[in-house]
Each structure stands twice: as C-alpha cells, then as structure tokens.
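If you want the building blocks of each chain, they are given just below.
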Amino acid sequence: MVVLMKLLTVTLLGYALLAAQGDGGRKPDRVISIAAERFAFNPSKITLKQGDLVEFVLTSDDTDHGFRIPSAGIDLAIPPQSRGEARVRFIAKEKGEFAFECSRPCGAGHNLMRGIIEVK
Amino acid sequence: MKLLDPSFTPPAGQILAQRVQELEAKLDALLASRGAASPLAATPDSTAPTSTPPSQASGPAAASPPLQAVSITGDFQTAPDTETRLPVTGYMDFHVNKDSGDAFRPDFHRFVLLFGHSFSSRIKFWSELEVEHALVEGGEESGEIAIEQAYLDFLITPKFNLRAGMLLTPVGIVNERHEPPSFNGVERPFVESVIIPTTWRELGLGLTGDLGRGFRYRTYLTSALDASRFNAESGIAEGKSSGFDANMRNPATVARLEFAGVRRLTLGASLYSGLAGSQTPTVNPRVTIANVDGRYSFRRFDVRALYAHTWISRAGELNRLMRQQTGVNPNVASRMRGYYVEPAVHLLPRRLRHDLIAFSRYERYNTQQKMPDGFLPLAQFNRSSWVTGLTYKPVPDVAVKFDYVFNQNQSAVLRALNGINLGIGWWF
Ligand SMILES: [Cu+2]
C-alpha cells in the first residue's frame with residue numbers, strides 16, 4: 001500500500017513537473033469558458049492561433065459531463081452544476097481541426113455532444 | 001494521463017518498487033536540471049517567465065501531439081475513489097400519486113438503463129432500455145419493458161451526421177430531455193403527454209448536426225402514427241408506434257431546429273408531418289404538428305414555455321370509419337392545441353450547494369379545439385392545470401419532487417380531479 005502511495009506521489013510530482021516544463025508558468029494567451037449541458041458544449045467551435053497556450057474553463061449546467069480531446073490525450077470529468085470548474089491548458093502546436101467530445105454518457109444526445117477546435 | 005483512466009492498473013510487487021526507484025531517479029534528474037524552480041508552476045495565476053519554449057519541451061511531451069496537453073486543474077475528477085462509476089448509466093423514477101378522493105398509488109414509474117458503445121470515433125451506438133410501472137398498486141395499469149431508443153450515429157462532419165434506429169421524435173422539450181432531474185414536477189407536463197405523445201419514439205433514419213453559432217438541427221424520416229388509436233381525450237398520443245408493428249410505407253417527416261448560442265437560453269421549433277392511415281386503409285389522415293419552445297435561466301430564475309398545435313385531416317371520415325368498425329365514435333378533433341408556461345426560482349443561496357426549486361406551471365390544452373363537420377366538441381377535454389410544487393436536489397443528479405395539481409375543464413357536468421404527486425428521480 002505504501003509503495004502504491006509512493007508511486008502515486010512520485011508520478012504526480014513527475015507529471016506536474018513535466019507540465020510545468022511544458023508551459024513554464026507562461027500566462028495563457030487565451031482563456032475560454034465552455035459550458036456543458038445535455039447535449040451540447042457552448043461554444044462548440046473554438047478558433048485558435050497556432051502556438052497559443054490556451055486554457056479552457058469547463059463548467060456544467062446539469063450533470064457531470066466528460067471532456068476529451070483525443071488529439072491532446074486529454075480526458076477529464078467536468079464537475080456537475082455548482083460543484084466548481086475544471087481547467088485544462090494545452091498548446092495549439094499544429095494547424096488543423098481537432099474534435100473534442102463528451103466522454104461520459106449523459107443521455108439521448110450524448111453521441112453528438114461534440115465540438116471542434118480549429119487552429120489557424 | 002493514465003491517472004485519469006480508471007482501467008489503468010499498476011503492476012504489482014517488485015516491479016512496482018523498481019518503477020518507483022526509476023521514477024525517483026528521473027524526478028531527481030529533472031529537478032536538478034530545473035534548479036530551484038517549483039514543480040507546481042502550473043498554477044493558473046503564475047506569471048513566471050520561462051526559459052524553455054514550449055515547443056522544445058523535453059520528455060514524453062516531445063512525442064508531439066498536435067495539441068500538447070499542459071495541465072489540468074480545478075475540480076476535475078482524477079481518482080475514482082470519491083464516487084463509484086458503473087459501466088452503465090441510467091435513471092429511475094419512483095412516484096406516489098393521489099387523486100382527490102382516491103388512495104395513494106405508489107408506482108416505480110421508470111427504471112431505465114442506458115448503454116452506449118463507440119465502434120470507432122465515427123460510429124457510435126446509443127440505447128435506453130426501460131421497465132415501466134414495475135410496481136403498481138390499486139391501479140389496473142400493467143408494466144412494460146421497452147426499448148426507448150436504440151440507434152447508430154455515423155459522424156461525418158459537425159454539420160452533417162447520419163442517425164438510424166429507434167429514435168426519439170424531436171418534438172417539444174421533454175421527449176428528448178426526459179431525465180428526471182432535468183424537469184420540474186413529478187409527471188411530465190400534460191401538454192407534453194397529451195398534445196405531444198410521450199415517450200414518443202419511432203423507427204427511423206435521418207440527419208443531425210451543428211450548424212454553428214449555436215444552431216443545431218435534427219431531421220428524420222420515421223415510422224407513421226396509427227390513426228386507429230387516436231381519441232378524444234388524449235388526441236394522437238396513443239397513436240405512437242413505439243417501434244412495434246411500425247409502418248414505414250408512408251414515413252413521416254420531422255425536423256427540429258434549436259438555437260443555444262446565448263448562455264442559458266435554448267429556443268426550439270419542431271415540425272412534424274405524416275400520414276397515419278396504415279390501420280385505416282380507406283381513410284388516410286395527415287397529422288401535422290407545429291411546436292415552439294424555449295428555456296431560459298437568469299440568476300436564480302428559470303422559465304420554460306412551450307406551444308404546440310396539431311392538425312388532423314379527414315378527422316370526420318376517420319370518426320365515421322371507427323364508429324363503423326368498433327361501434328364507438330372516437331370523436332377525434334381536426335385541431336388540437338396546448339401550451340404551458342413554467343416560471344421557477346432557486347430558493348437556496350448558491351453557496352449551500354443543495355438546490356431547492358419552487359415552480360408553478362400553468363398549462364392549457366384542448367384535444368377538441370376544432371371538430372370536423374358533424375361532430376361536437378366534448379367540453380371536459382378542454383382543460384387547464386396549475387401544477388405547483390418543489391424540486392429538491394441534494395446533488396444535481398437526484399431530485400426529490402412534490403407537487404399539487406389543480407385541474408379544471410370546461411364541462412358543466414364532469415369535474416376534473418385534483419391530485420398530489422410525490423416523486424424521487426435520479427440519474428447515475
Ligand atoms: Cu455529456
């Protein structure tokens with residue numbers, strides 16, 4: 001058990017450090033609020049400049065939704081309404097269109113709870 | 001990232017200890033290379049400059065995905081130990097209803113399990129399996145097991161996706177958004193069960209998409225309604241096929257456009273048109289439904305409203321045919337109409353995290369709005385209701401509901417019964 005906890009701590013520290021190396025404490029170029037509600041993200045299309053360090057502030061207007069950006073290997077749970085917010089930072093390294101989607105089944109329209117990140 | 005993945009299982013025993021040592025060594029090296037810099041520099045307000053351009057970051061990040069993850073902070077869920085997540089989701093709904101002069105009737109109204117599967121990032125499956133009225137006391141209603149929806153989505157572009165299977169007809173607010181915590185009142189609104197059938201599902205296929213700027217649409221070809229089950233009291237509601245013995249020879253067309261481009265505002269409009277004569281071969285009435293609805297929240301206030309209008313062609317011939325076949329005149333109207341307005345207020349301050357909503361819904365609905373020549377409207381089906389009550393949500397996915405229903409109709413003879421409803425519904 002102790003070994004497990006040690007592993008967890010070290011991994012977390014290591015991850016935090018790598019993360020810190022990634023943005024080096026740089027202030028995000030864009031901070032964008034995205035609200036999740038059955039069965040859509042609002043806004044659902046986000047346009048970024050290549051090289052931008054972006055922070056998404058994610059909140060839900062109902063249940064807990066998931067937030068996955070496959071192209072960034074990001075997958076997290078957005079807390080339900082009035083239970084706070086999740087913040088995710090990434091760097092838009094390459095131009096292109098990248099999908100994000102709800103990764104937690106939330107009802108009849110879940111499959112289409114998606115959006116697009118366009119990097120210009 | 002694997003920390004976020006519940007399926008990640010760390011190796012056991014000695015391998016583990018070995019990995020810890022390796023990681024410690026790597027961490028030491030990294031810390032040394034960064035001097036005294038804090039490993040927690042990823043805090044949102046940090047403005048410390050960096051000497052390493054992000055694009056040249058070393059380590060696993062240099063594997064270079066097109067979008068490079070930097071940090072995840074806030075109230076996201078990392079570890080599964082705060083809550084148990086089942087591999088299936090679903091919702092349940094337990095009601096106790098009482099009409100004036102009647103006994104309390106407990107009813108496990110709905111027990112719904114939802115299953116989804118992604119065959120690939122572009123082909124996805126969704127289904128709801130429903131057990132209705134598992135327990136009924138003092139009533140004659142029988143239970144039912146039904147597939148509420150089961151369809152495949154083929155994702156092509158954001159604007160254009162294909163959907164096929166058993167679909168919820170996209171009319172009104174509640175038919176597609178029916179999870180118990182997502183609406184006030186124990187029972188679904190009368191207008192959305194009498195003027196618009198509920199849960200209205202049909203076999204079909206169609207297109208869905210996000211048009212941008214907050215506009216979304218769904219448009220389907222679906223199996224038709226069955227006019228032989230239309231009646232005076234519940235209009236077309238009993239005519240839904242629910243995918244059973246569905247008729248696709250004359251598919252109906254339905255389209256819905258929604259605007260959700262302003263935060264906390266959703267506006268919707270639906271149009272349905274289809275022939276309903278599969279069981280009444282000599283009379284093939286056309287059913288047309290137009291509906292507009294909206295939901296808006298401002299500070300601690302919510303309001304939702306809906307208007308629906310139904311036209312049925314050849315209703316007179318349908319009534320005469322049914323009277324001939326069954327001996328009973330169903331007295332189907334050629335026009336029906338209903339609307340409701342529901343203001344609500346959140347009574348508790350936001351910081352308490354518990355939510356207590358007081359609401360009052362006024363509904364007006366008439367399944368005998370305009371009769372075909374030779375038929376008279378039955379005034380008891382020109383109805384209105386006040387539904388007033390409370391919704392208490394200890395957490396956002398659990399709703400304890402109470403309401404009082406004050407029913408009225410235009411009949412001088414038949415009095416409408418009032419009712420009390422208690423319910424608990426949850427989503428998991
Ligand atoms: Cu979702």
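Residues numbered from 1 in each chain as written. Chains lettered and ligands numbered in written order. Predicted model: local features only at pLDDT ≥ 70, side-chain atom pairs only at ≥ 80, totals over all residues. Heavy atoms only, no water.

Within chain B one finds three helices and 17 strands. Pairs at least 24 apart in sequence give 59% of the contacts found in chain B among residues at least 6 apart. Accessible area for chain B stands at about 21,000 Å²; split by element, carbon and sulfur atoms hold 60% of it. (Helix = DSSP H or I, 4+ residues; strand = E, 2+ residues; numbered from the N terminus. Contact = heavy atoms within 4.5 Å. Areas by Shrake-Rupley, 256 points an atom, 1.4 Å probe, with all protein chains shown as cover.)

Right, let's talk about the environment of Ser 127 of chain B for a bit. All names here are of chain B. Summarising the element assignment, Ser 127 is placed in strand E4 (residues 123-132). In this structure the C-alpha to C-alpha distance between Ser 127 and His 117, which are 10 residues apart in sequence, comes to 9.0 Å. The contacts of Ser 127, once residues within four sequence positions are left out, are Leu 113, Leu 114, Phe 115, Gln 149 and Ala 150.

This next bit is on the confidence of the model for chain A. Here chain A averages 83 in pLDDT, and 79% of its residues register 70 or above. Confidence over residues 16-23 of chain A falls short of pLDDT 50; this stretch has 27 contacts with residues more than four positions distant or in other chains. (pLDDT = per-residue confidence, 0-100.)

Residues and elements named next belong to chain A. Within strand E6 (residues 74-78), four of the five residues are buried, which leaves the element mostly enclosed by the surrounding structure. Here five bridges tie strand E5 (residues 65-69) to E6, and the two strands are oriented antiparallel to one another. The partner of Gly 66 across the bridge, within E6, is Ala 77. Hairpin remark: E5 followed by E6, antiparallel, with four residues in the connecting loop; positive phi at Gly 73, about 65°. (Buried < 20%, exposed > 50% of the residue type's maximum accessible area, 1.4 Å probe, protein only. Pairing = 2+ DSSP bridges.)

Attention now moves to the coordination of the copper ion. Residues and elements named next belong to chain A. Donor atoms from the polypeptide that bind the copper ion are His 65 (ND1), Cys 102 (SG), Cys 106 (SG) and Met 113 (SD), placed at 2.1 to 2.6 Å. Bound by four donor atoms, the copper ion shows angles of 94 to 124° at the metal and therefore tetrahedral coordination geometry. Counting gaps between the donor residues of the copper ion yields the pattern H-x36-C-x3-C-x6-M. Across the pair, exposure class does not vary: Cys 102 and Cys 106 are buried alike. (Donors = N, O, S within 2.8 Å, 3.2 Å for Na, K, Ca; no water. Tetrahedral: all angles 85-135°; square planar, octahedral: opposite > 155°, others 65-115°.)

Turning our eyes to something else, we now look at the side chain of Arg 104 of chain A. Residues and elements named next belong to chain A. Considering the arrangement of structural elements, one finds Arg 104 in the loop between strand E8 (96-101) and strand E9 (114-119). Note on Arg 104: relative accessible area 9%, which makes it buried. One polar contact links Arg 104 to Asp 64, side chain to side chain, over a distance of 3.3 Å. (Polar contact = N/O pair within 3.5 Å; in protein donor to acceptor, adjacent residues only side chain to side chain.)

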